[in-house]
Amino acid sequence: MRRAVYGLYLGMFLMGGCAADGTSAPSSGDAAARAERPASGEPPTVRKGGSGTATAAHPHAPGTAYEDRIIAHVNGEPIAMKQLLEPLIESHGLNVLVNLVQVEMAKQDAAKAGVTVSPTDFQAERQSTLEKLFKASDDKTQDQIEAALKVKDEAKAKRLREEMAHDHESLLNQFLDQQHISSTEFDIVLQINTYLRKMAEPAVNKSITEESLRNAFNQLYGEKVRVQYIQLRTPLDVAAVQARLTKGEKFGDLARELSTNRASAELEGELPAFSRETSGLPQNFKDAAFGLKVGEVSDMVQANGAYHLIKLIDRIPPRVVTFEKQRDSVHSELYTRAIQATVKQMRESLAEQAIRGLKIEDPALAKQFDQRVRQHETEVRDQQKIRDDWERQHNQPTTRPGLLGTKLPATGPAATEPAVTRPPATRPAEAPNP
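Novice: Explain the overall build of the protein here, please?
Specialist: A tally of regular secondary structure across the protein gives 15 helices and eight strands. Of all 434 residues assigned to the protein, the portion counted as buried reaches 39%. Summarising the internal contacts of the protein: among those between residues at least 6 apart in sequence, 75% fall at separations of at least 24. Total accessible area computed for the protein in this model is approximately 23,300 Å², and 52% of it derives from carbon and sulfur atoms.

Novice: How should I be thinking about the sheet that holds strand β8 (residues 306-316) in this particular structure?
Specialist: Whether parallel or antiparallel, the strands of a sheet pair through hydrogen bonds between backbone atoms. Across the sheet, which stays open at both edges, the four strands sit in the order β6-β5-β8-β7 with antiparallel pairing between neighbours. Because the sheet does not close on itself, it has two edges, and the strands there are β6 (274-275) and β7 (301-303). Across three bridges, the pairing between β7 and β8 is antiparallel. Directly across from Gln302, in β8, lies its bridge partner Tyr307. Of the strands in this sheet, β5 (224-232) and β8 touch helix α10 (residues 235-246), which is tilted by about 45 degrees from β8. Running at roughly 45 degrees to β5, helix α11 (residues 251-258) makes contact with β5 and β8 of the sheet.

Novice: What's the story with the packing of aromatic side chains in this structure? I'm lost.
Specialist: Two aromatic rings, taken as a pair, are described by how far apart their centres are and by the angle between their planes. Enumeration over the complete set of coordinates arrives at six aromatic pairs. With centroids separated by 5.0 Å and ring planes inclined at 40 degrees, the aromatic side chains of Phe217 and Tyr221 adopt a geometry described as tilted. Pair noted here: Phe217 and Tyr221 are both in helix α9 (residues 210-221), with a separation of four residues, about one helical turn. Given a relative accessible area of 10%, Tyr221 falls into the buried group. Relative to Phe323, the ring of Phe217 has its centre 5.7 Å away and its plane inclined at 90 degrees; by these criteria the two rings are edge-to-face. Pair noted here: Phe217 is in helix α9 and Phe323 is in helix α14 (residues 323-356), with a separation of 106 residues, a long-range link. Of the two residues, Phe217 and Phe323, neither departs from the other in class, the shared state being buried. Directly above the aromatic system of Phe323 lies the positively charged group of Arg214, at a separation of 4.1 Å from the ring centroid.

Novice: Is there a simple way to think about the pattern of salt bridges in this case?
Specialist: Side chains that differ in charge, positive against negative, can pair when their charged atoms come close. Under the defined criterion, the tally for this structure stands at 13 salt bridges. Linking Glu125 and Arg197 is a salt bridge whose minimum nitrogen-to-oxygen distance equals 2.6 Å. On the criterion of sequence distance, the pair formed by Glu125 in helix α5 (residues 119-133) and Arg197 in helix α8 (residues 183-207) is long-range, its members being 72 residues apart. Taking the relative accessible area as the measure of exposure, Glu125 reaches 6% and is therefore buried.

Novice: Where do I start with the packing of α10 against α11 in this structure?
Specialist: Packed helices, taken two at a time, are described by the angle between their axes plus the distance between the axes. Between α10 and α11, the least distance of the axes is 10 Å, while the angle of their chain directions is 150 degrees. Read as a crossing pair, α10 and α11 show a hand that is right-handed. Here α10 contributes Val241, Arg244 and Leu245 to the contact with α11, which in turn contributes Phe251, Leu254, Glu257 and Leu258. A breakdown of the residues in the contact of α10 with α11 according to their chemical character gives five nonpolar, no polar and two charged.

Novice: Teacher, can you tell me more about unusual backbone geometry here?
Specialist: Its identity is not glycine, yet Lys152 carries a phi of approximately 60 degrees, on the positive side. Given a relative accessible area of 72%, Lys152 falls into the exposed group. Positive phi is not limited to glycine here, since Asn304 has a value of about 55 degrees. The topology assignment puts Asn304 in the loop between β7 and β8. Relative accessible area serves as the criterion here: at 28%, Asn304 is assigned to the partly exposed category.

Novice: What is the right way to look at the nonpolar core in this model?
Specialist: Inside soluble globular proteins, nonpolar side chains tend to come together where they are buried. In this structure, Leu196, Val330 and Ile360 are the most contacted members of the largest nonpolar core, which totals 37 residues. When residues of this core are traced back to their parent elements, those giving at least two are α4 (81-112), α8, α9, α14 and α15 (363-394). In this view, Ile360 contacts Leu94, Leu97, Leu365, Ala366 and Phe369; residues no more than four positions away in its chain are not counted. Grouped together as the second largest cluster of nonpolar side chains are 14 residues, Val227, Tyr229, Phe285 and Ala288 included.

Novice: Please explain α10 as it appears in this structure.
Specialist: Spacing of three or four residues puts side chains on the same side of an α-helix, whose turn is 3.6 residues. Compared with an ideal rise of 1.5 Å per residue, which puts twelve residues at 16 Å, α10 spans 16 Å between its outermost C-alpha atoms and is within 8% of the ideal. Those residues of α10 lying buried are Pro235, Val238, Ala239, Val241, Gln242 and Leu245. Buried positions in α10, seen along its axis, are confined to an arc of 165 degrees and lie on one side of it. Looking one or two places after α10, you find Gly248, whose phi comes out positive at around 105 degrees.

Definitions and limits used
- Residue numbers here run from 1 along each chain, matching the order of that chain's written sequence.
- Local features are withheld for residues below a pLDDT of 70 in this predicted model, meaning they are given only at 70 or higher, and side-chain atom pairs are given and counted only at 80 or more; totals for whole chains, interfaces and linings count all residues.
- With hydrogens and water set aside, each side-chain value is computed from the structure's full complement of heavy atoms.
- Only DSSP runs of H or I covering at least 4 residues are called helices, and only runs of E covering at least 2 are called strands; the numbering of each starts at the N terminus.
- Accessible area is worked out with a 1.4 Å probe on protein chains only. A residue is then buried under 20% of its type maximum, exposed over 50%, and partly exposed in between.
- Contact criterion: two residues are considered in contact whenever any of their non-hydrogen atoms come within 4.5 Å of each other.
- Only the protein chains shown count as cover for residues, and the accessible areas themselves come from Shrake-Rupley with a 1.4 Å probe.
- DSSP calls a pair of strands paired once it identifies at least 2 bridges connecting them.
- Between N-to-C directions, angles cover 0 to 180 degrees, with each direction set by a line fitted to C-alpha atoms, over the stretch in contact for helices.
- We call Phe, Tyr and Trp rings a pair once their centres come within 6.5 Å, taking the six-membered ring for Trp, and we label the pair stacked below 30 degrees between planes, edge-to-face above 60, and tilted otherwise.
- Ring-over charges, as used throughout, are those where CZ of Arg or NZ of Lys falls within 6 Å of the ring centre and within 35 degrees of the ring normal.
- Any carboxyl oxygen of Asp or Glu within 4 Å of a side-chain nitrogen of Lys or Arg constitutes a salt bridge here.
- Two helices that cross are described as forming a left-handed crossing if the nearer one is turned anticlockwise from the farther one by less than a right angle, and a right-handed crossing if clockwise.
- Each residue gets one label: Ala, Val, Leu, Ile, Met, Phe, Trp, Tyr, Cys and Pro are nonpolar, Asp, Glu, Lys and Arg are charged, and the others, such as Gly, are polar.
- Nonpolar cores were defined as sets of buried Ala, Val, Leu, Ile, Met, Phe, Trp, Tyr and Cys residues, with membership established by side-chain atoms within 4.5 Å.
- To estimate the expected span of a helix, subtract one from its residue number and multiply by 1.5 Å.
- Summarising the geometry, the arc corresponds to the directions from the helix axis toward the C-beta atoms.

Right under this line is the structure:
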């Protein structure tokens, strides 16, 4: 359960840019890299190589002498640096290369915008990310800290904060191992996000108006619902699930088994509570959820190029608070959301530019890149086929039984365009599609 929750947050904070695409376990060097991470939290530096390509800083310039350097012996037999580099490039090279290119591009954009980024900014980005990533596990400790501060026990509050920071590092190492993500990849993406965040801040500050604050207040304190959902690829899949529900199978069990969104599937399809004003969810998905009675399951809902069944778990009444008393907290929440959305958009644009301008000279990396591009194009074609199939069914009368014997709707919400802007050289983290 914890891994699934962390997976949802990782998709939010890293935008899927750092995960390796293989299933190989991290090398033993990952653990050493984490142990040697600077106390300041500053990510590894990036410098320009002789060819102008962004490369990780290293005390030795790349070349034949460097690659032939002996780094270890086993039973008297030497192990050369190139023997280590080849499998590392195979397993992580393409993702690291793309992210390093984006670091360099983000630096250049920041310089053009007159934005200065310091080691303190990197540290703040890292701390903020860990706090949000592990918020659920921090809540109990945070309550203890607040209780200590109420009785002016500063020493206890300090000790609890230090324990929480230590727990963050332990949980992060565990999580990265589970997800096959190296600490270096994680820190490189944080470095990119730091540059983008600093560039986004001026525009976000100007965008927050009185009207947007009041809308956010309604979103935070208005009526909310909690739902489970099952994401499926085709209307035929929906009909099959509806038939199993009619026979008495549990919605959560089917979500865990069949939902194509594996992150939410591990949570039995449950989403955090949301209101009618919550951003990031398709409007027809929200409308369907709020139109249900507790325990009821929706008909098929088409959104974001997929098909969904939604079950209403609970309705949460609006909280009785005033806008004036909550204005500062609403501003903070709205600012955080706007920054996250803006950084994500900037990151996707940056990734597209990096891919378009990337010319890979190394044969192994070039092969990986070509394979990833072909895989991405196949996924786009598959999504287009799903939409075409739906259009054909949409234009013909249907008598396929839906839930409890009802007919599937003859018309449905139009599918939105698939998210094809994500660079094909990165693996998107699994996060809720709606």
